[in-house]
Amino acid sequence: MRRTFFLYVEENSPLYRLHPLLKILLLLFFNLEAWIIESPTVLWLSIVGVLVLFKLAKIPLARLLKFLLFAAIITQAIMFSYILGSKIPGNVVYYEFPWGTYVTDRTLLYAFSMVGRFMLMLVGSTLVLAVTRDIDIIYGIISLKIPYALAFTVSLAFRFATIFIDDYFKVRDAMILRGTALDKGGILERARKYVNLSIPLMVLAVRRMLELTYVLEAKGLNLKGKRSYFYEFKLGSLGIALALTLITIPILTLFLKMSYGLFTFPGWPFNG
Amino acid sequence: MDSRCVLKVEGLWWKYQGSKEWVLKDVNLEVSEGEFLGIVGPSGAGKTTLCLALTGIIPHAVRGKIRGRVFVFGKDTSKNPLHRIMEDIGIVFQDPDIQFVTMRVIDEVVFPLENLGLPREAMAKRAYWALKVVGMMGFEDKYPFELSGGQKQRVAIASMLAKLPKILILDEPTSDLDPVGKREIFQVLQTLREEHDMTLVVVEHNVEELAKYADRVLLLNQGRVLAQEDPRSLFSKCEYLIRTGVYPPQVTEFFYRLNKYRGLSVANKLPLTPEEAYEAMSKLKVSVTPPIVEDASKNCKSTPIISFENVEYVYPDGTVALRGVDLKVFRGEFIAIIGANGSGKTTLVKHMVGILKPTKGRVTVLGKDTREASVSELALKVGYVYQNPDHQLFCTTVYDECAYALRNLGLPPQEIEERVEKVLERLGLKEFAGTPPYFLSKGQRQRLAVATVLAMKPEVIIVDEPTTGQDHVQSRSIMDLLKSLNDEGKTIVVITHDMRLVAEYAKRVLVMSKGKIIADGSVRSVLARLEDLDVSALTPPQITRLFLKINPNVSILSVEEALRTVRWVA
């Protein structure tokens with residue numbers, strides 16, 4: 001088992017070996033498709049398809065449980081916002097609120113569709129990030145002809161996120177040890193506690209940034225000058241075909257949606 | 001300029017932008033090719049600033065005012081681009097984490113080479129060579145969180161080494177490391193000298209290692225070079241060094257004081273290592289009287305205030321950090337916990353404050369099971385001071401910092417005021433009551449961290465690595481404070497790697513290895529158990545080692561005790 005910064009993944013999985021550009025395109029692909037497609041059937045079938053890819057990539061599905069709470073909160077927020085605040089005409093009106101909005105069968109279906117969009121983004125992104133190393137991000141961004149400075153900044157952010165999280169837990173524990181109940185009190189009181197928590201984190205970050213400047217100078221980082229790269233990723237003919245597919249499908253989906261109404265809400269079998 | 005001179009500093013003055021004080025004052029220095037130059041000095045002496053100036057980072061990447069010049073291989077650093085200067089120089093900093101800017105060992109080592117624009121084959125060749133030199137082959141795919149501090153620091157050295165610099169500068173490379181890590185780094189430096197004839201400039205508080213390896217040592221204080229001599233000559237000026245805030249090697253100080261106060265001419269050259277000291281001692285007609293030892297068990301008759309019963313702790317990722325720990329802490333003890341990084345020291349003390357609850361077994365604090373008590377409830381009885389004070393200072397003034405926990409406890413304002421004033425006075429921080437904590441020096445912040453805990457009047461005070469990155473004066477100041485609290489009846493538990501301070505201050509020592517307590521006893525008895533210490537890659541202080549070699553039954557803890565022990569035979 002190797003560890004990427006999101007999950008543990010078998011190195012011999014075909015997705016792990018993908019060219020970094022393809023990993024970035026795949027990430028964009030899932031998010032674009034989720035944005036274009038409205039039909040709940042297509043969305044949820046796509047999610048099933050991504051879960052099959054999890055299996056093929058040898059990523060334990062249990063890893064998705066990490067995001068269960070996050071997914072539950074977002075799902076709840078989507079459902080409530082549509083139930084309480086939308087006016088989507090439908091065949092059956094279940095309830096009318098005094099403020100003028102109402103709940104119909106289509107309200108629930110649309111909310112279900114929106115949850116599907118969010119879920120496709122979540123599981124799709126998780127799939128890609130599970131097989132992505134920081135080096136992939138750097139090389140992927142560079143393959144897109146985006147300046148190295150941006151690629152390096154992204155990579156550095158991932159590296160320092162781990163240090164930041166470590167600091168966060170230490171400061172949090174220190175506050176608890178001095179009698180702070182972080183999760184008690186009203187919203188304002190909690191906000192004040194978290195402001196207190198953020199002070200040492202910011203001070204530590206500033207101090208580290210200063211030292212990091214020296215370190216990067218010492219390592220000869222030159223964002224404008226010419227540099228070479230240790231890894232060589234070759235995009236073979238299969239890779240090129242896959243890249244073209246990943247670019248073509250969202251364009252085609254958008255075209256079919258705009259021209260023929262395919263993938264629009266509510267879609268099959270809810271059209272009638 | 002001498003043809004063998006690779007680094008030259010001429011009348012260098014430097015002050016940071018916005019600062020009134022010059023940090024470096026008229027520094028003059030020459031370093032020859034292949035030389036090992038050690039730099040010592042108290043905190044704030046300007047050592048790091050000098051390192052930055054030697055590499056050209058000052059003035060290129062740091063704003064301030066400069067006078068004088070620095071030459072690297074004859075090139076004036078202020079007139080040449082930084083990346084040109086950096087081709088000849090590598091620098092390793094103190095914090096092993098901040099230097100790891102990528103996510104894998106191999107990426108870290110090739111990163112400077114990519115910046116140089118080297119071809120792929122050349123990068124691979126140099127990177128694997130550098131990893132081999134520092135003994136990190138086989139770790140190429142490891143992530144920073146999979147490495148110990150010593151290993152990360154070796155990667156930092158490899159990363160610089162791969163550039164094939166002619167000069168390597170190391171700024172306190174071992175201060176965050178456990179004894180194993182320290183030893184690893186000096187072994188690597190030895191290899192670089194012996195096999196690669198590299199010029200080394202090393203800033204270090206650990207003078208005993210410097211004395212062993214350096215050709216010359218430069219003493220810096222308040223930005224001025226006070227001396228630059230060979231180690232034996234410099235470290236023989238014991239009183240002068242101590243006045244400056246630098247403690248000489250223990251055996252050197254011992255012989256210096258034998259000479260001076262006993263009026264004996266015991267050695268022409270003062271020894272620097274226990275081996276040299278043993279040789280010098282064997283030529284003397286002296287006898288060694290074992291010191292009168294206090295009964296260490298007399299404190300242990302009361303009921304324990306903290307008790308561990310067969311405690312096991314497993315982290316969520318499956319790491320077993322404690323394995324069947326049994327321990328009793330008694331009121332009024334001064335305990336030092338020692339052991340390599342990852343041996344379970346911090347996990348152990350986090351159980352004492354209830355931040356961690358045992359996976360198996362039971363921990364009780366003043367009779368209460370920690371699983372049934374909240375952390376804030378336990379914090380009233382057991383205070384915990386973090387290694388880095390910046391992790392526990394979050395208020396806008398020193399006063400508020402001390403009052404924070406008391407307000408959370410809901411104490412009346414008058415009592416809060418009384419307690420805070422008392423504790424600030426006790427720790428010499430009263431004049432800073434209205435100052436933001438981050439404006440204090442590191443030593444003062446460390447004291448403030450202790451003050452915040454002390455204000456809660458806990459019975460036990462746990463201090464995690466209080467002396468890391470501090471000079472000996474600051475370290476002793478903190479340890480003196482803990483000793484005085486212990487004299488007042490507080491129970492003190494300290495985690496530290498500094499064996500000299502352990503010997504001089506602790507009454508009881510716990511040695512941890514792989515989640516177990518492998519030795520537990522009076523400081524004198526534990527420091528004499530060389531085999532147990534060796535398992536944890538720990539080494540007793542120089543003076544203890546010297547006397548154990550003379551007589552395995554005589555365990556000496558300090559230079560003062562050693563002087564009392566030696567009897568002159570007519």
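Residues numbered from 1 in each chain as written. Chains lettered and ligands numbered in written order. Predicted model: local features only at pLDDT ≥ 70, side-chain atom pairs only at ≥ 80, totals over all residues. Heavy atoms only, no water.

Engineer: Help me out: how do you make sense of the overall build of chain A in this one?
Structural biologist: Counting secondary structure elements, chain A contains eight helices and four strands. If you list the helices and strands of chain A from N to C, you get β-β-α-α-α-β-β-α-α-α-α-α. The C-alpha radius of gyration computed for chain A amounts to 23 Å, which surpasses the reference 19 Å derived for 272 residues by more than 25%, pointing to a less compact arrangement than a globule. When the backbone C-alpha atoms are referred to their principal axes, chain A occupies close to 70 × 60 × 35 Å. Put simply, chain A has 272 residues, and 44% of those count as buried. Considering only contacts within chain A whose residues lie at least 6 apart along the sequence, 69% involve residues at least 24 apart. Counting only carbon and sulfur atoms, one obtains 71% of the accessible surface of chain A, whose full area is about 14,400 Å². Measuring between centres, the 29 positive side-chain charges of chain A sit 3 Å from its 16 negative side-chain charges. (Helix = DSSP H or I, 4+ residues; strand = E, 2+ residues; numbered from the N terminus. Rg over C-alpha atoms; globule rule 2.2 N^0.38 Å. Buried < 20%, exposed > 50% of the residue type's maximum accessible area, 1.4 Å probe, protein only. Contact = heavy atoms within 4.5 Å. Areas by Shrake-Rupley, 256 points an atom, 1.4 Å probe, with all protein chains shown as cover. Lys, Arg positive; Asp, Glu negative; His and termini not counted. Charge placed at Lys NZ, Arg CZ, Asp CG, Glu CD.)

Engineer: Hey, could you run me through the overall build of chain B in this one?
Structural biologist: Scanning chain B from N- to C-terminus turns up 23 helices and 22 strands. Taken against the 2.2 N^0.38 rule, which gives 25 Å for 570 residues, the C-alpha radius of gyration of chain B at 25 Å falls within 12% of a compact globule. With respect to the three principal axes, the spread of C-alpha positions in chain B is 70 × 65 × 50 Å. Buried residues in chain B amount to 60% of all 570 residues. When contacts within chain B are restricted to residue pairs at least 6 apart in sequence, those whose partners lie at least 24 apart make up 67%. Surface exposure of chain B reaches about 22,100 Å², of which carbon and sulfur atoms provide 48%.

Engineer: Even after reading the chapter, I still don't get the sheet that holds strand 17 (residues 382-385) of chain B, so can you show me in this structure?
Structural biologist: Working definition: the strands of a sheet are paired by backbone hydrogen bonds and lie parallel or antiparallel to each other. Residue and element names in this part refer to chain B. Pairing is mixed in the open sheet, where six strands are placed in the order 17-18-19-14-20-21. Whereas interior strands pair on both sides, the edge strands pair on one side only; in this sheet they are strand 17 and strand 21 (516-522). Adjacent strand axes in the sheet meet at a mean angle of 15 degrees when their direction is disregarded. One ladder, built from four bridges, connects strand 14 (residues 334-339) with strand 19 (residues 491-495); its direction is parallel. Of the residues in strand 19, the one forming a bridge with Ala336 is Val494. (Pairing = 2+ DSSP bridges. Axes fitted to C-alpha atoms, helices over the stretch in contact; angles between N-to-C directions.)

Engineer: Please explain the sheet that holds strand 5 (residues 75-76) of chain B as it appears in this structure.
Structural biologist: Residue and element names in this part refer to chain B. With antiparallel pairing, four strands are arranged side by side in an open sheet as 2-1-4-5. Looking at the sheet topology across the chains shown, the edges are occupied by strand 2 (24-32) and strand 5. Bridging between strand 1 (residues 5-16) and strand 2 involves six bridges; their strand directions are antiparallel. Bridge pairing links Val9 to Leu29 in strand 2.

Engineer: Could you clarify how one ought to interpret the packing of aromatic side chains in this entry?
Structural biologist: We describe a pair of aromatic rings using the distance from one ring centre to the other and the angle between the two ring planes. Residue and element names in this part refer to chain A. All chains considered together, the criterion is met by 26 aromatic pairs over all chains. Ring centres 5.1 Å apart and planes at 75 degrees place the aromatic pair Phe230 and Tyr231 in the edge-to-face group. Since its relative accessible area comes to 16%, Tyr231 is described here as buried. (Phe/Tyr/Trp six-rings, centres within 6.5 Å; stacked < 30°, edge-to-face > 60°.)

Engineer: How should the pairing of strand 15 (residues 360-365) of chain B be read in this particular structure?
Structural biologist: Taken residue by residue, a regular strand's side chains alternate between the two faces of the sheet. All names here are of chain B. As defined by bridge partners, strand 12 (residues 304-314) adjoins strand 15 across five bridges and the pair is classed as antiparallel. By the bridge assignment for strand 15, Ile306 is matched with Val365. Across two bridges, the pairing between strand 15 and strand 16 (residues 368-369) is antiparallel. Bridging from a neighbouring strand, Val365 pairs with Lys368 of strand 16. As consecutive antiparallel partners, strand 15 and strand 16 are separated by two residues, and within that stretch Leu366 has a phi angle of approximately 50 degrees, a positive value.

Engineer: What is the right way to look at the pairing of strand 21 of chain B in this model?
Structural biologist: Taken together, the six bridges between strand 20 (residues 508-513) of chain B and strand 21 of chain B define a ladder with antiparallel strand orientation. Residue pairing across strands places Val511 of chain B opposite Ala519 of chain B, the latter belonging to strand 21 of chain B.

Engineer: Explain the interface of chain B and chain A to me, please; I cannot follow it from the model alone.
Structural biologist: Interface extent is often summarised as the accessible area lost during association of the parts. Counting residues at the interface gives 61 residues for chain B and 50 residues for chain A. A buried area of about 5,200 Å², summed over both sides, lies between chain B and chain A, and 59% of it is on carbon and sulfur atoms. Contact with chain A buries area across many residues of chain B, yet Ile98, His391 and Phe394 of chain B alone supply 15% of it, more than any other trio. Linking chain B to chain A there are six salt bridges. Residue Asp390 of chain B pairs with Arg207 of chain A through a salt bridge whose shortest N-O separation is 2.4 Å. Here chain B and chain A share 27 residue pairs in polar contact (both at pLDDT 80 or more) between them. (Buried area = accessible area lost by both parts, 1.4 Å probe. Salt bridge = Lys/Arg side-chain N within 4 Å of Asp/Glu carboxyl O. Polar contact = N/O pair within 3.5 Å; in protein donor to acceptor, adjacent residues only side chain to side chain.)

Engineer: What should I look at first to understand the domain arrangement of chain A in this one?
Structural biologist: Segmenting chain A into domains produces domain 1 (1-132 + 234-272) and domain 2 (146-232). Between domain 1 of chain A and domain 2 of chain A, the C-alpha centre-to-centre distance is 31 Å. (Domains from an automatic or database assignment.)

Engineer: Where do I start with the side chain of Thr253 of chain A in this structure?
Structural biologist: Residues and elements named next belong to chain A. Structurally, Thr253 can be placed in helix 8 (residues 237-260). Assessed through its relative accessible area of 5%, Thr253 is described here as buried. Discounting residues that sit within four places of it in the chain, Thr253 has contacts with Glu33, Ile36, Ile37 and Phe263.

Engineer: Looking at this structure, I do not really get unusual backbone geometry. What am I missing?
Structural biologist: Among all residues save glycine, negative phi is the norm, and among peptide bonds the norm is trans. Cis geometry marks the peptide bond from Phe265 of chain A to Pro266 of chain A, where omega comes out at 0 degrees. Structurally, Pro266 of chain A is set in the segment after helix 8. Cis geometry is found at the peptide bond from Trp268 of chain A to Pro269 of chain A, where omega equals 0 degrees. If you trace the backbone, Pro269 of chain A turns up in the segment after helix 8. For Lys58 of chain A, which is not glycine, the phi torsion reads 60 degrees and is therefore positive. By the element assignment, Lys58 of chain A lies in the loop between helix 2 (40-56) and helix 3 (68-85). Since its relative accessible area comes to 39%, Lys58 of chain A is described here as partly exposed. Even without glycine at this site, Leu366 of chain B takes up a positive phi of about 50 degrees.

Engineer: Any chance you could explain the state of the cysteines here in plain terms?
Structural biologist: By definition, a disulfide links two cysteine residues through a covalent bond between their sulfur atoms. Residues and elements named next belong to chain B. Applying the stated criterion to the full structure yields zero disulfides over all chains. There is no disulfide at Cys5, and the cysteine sulfur nearest it, in Cys51, is 17 Å away. Considering cysteine sulfurs only, Cys402 is the nearest to Cys395, which forms no disulfide, with 9.2 Å between them. What makes Cys395 buried here is its relative accessible area of 10%. (Disulfide = S-S within 2.5 Å.)

Engineer: I tried to follow the nonpolar core on my own but got confused; where do I start?
Structural biologist: Note on soluble globular proteins: their nonpolar side chains tend to be buried together. Formed by 107 residues in total, the largest nonpolar core has its most connected members in Leu54, Ile157, Leu168, Leu189, Leu192 and Leu200 of chain B. Contacts of Leu168 of chain B, omitting those with residues within four sequence positions, involve Gly90, Ile91, Val92, Ile157, Met160, Leu192, Met198, Thr199, Leu200 and Val201 of chain B. (Core = buried A, V, L, I, M, F, W, Y, C linked by side-chain atoms within 4.5 Å.)

Engineer: I keep staring at the confidence of the model for chain A and nothing clicks. Help me out?
Structural biologist: Interpreting fine coordinate detail is not advised for predicted regions of low pLDDT. Per-residue confidence for chain A gives a mean pLDDT of 88, with 96% of residues at or over 70. Here strand 1 (residues 2-3) of chain A stands out as the element of chain A with the lowest mean pLDDT, 51, in contrast to helix 8 of chain A, whose mean of 95 is the highest. (pLDDT = per-residue confidence, 0-100.)

Engineer: Teacher, can you tell me more about the environment of Glu21 of chain B here?
Structural biologist: Residues and elements named next belong to chain B. In this structure, Glu21 sits in the loop between strand 1 and strand 2. Overall, the relative accessible area of 54% leaves Glu21 in the exposed class. It is 9.8 Å that separates the C-alpha atoms of Glu21 and Gly223, two residues lying 202 residues apart in sequence.

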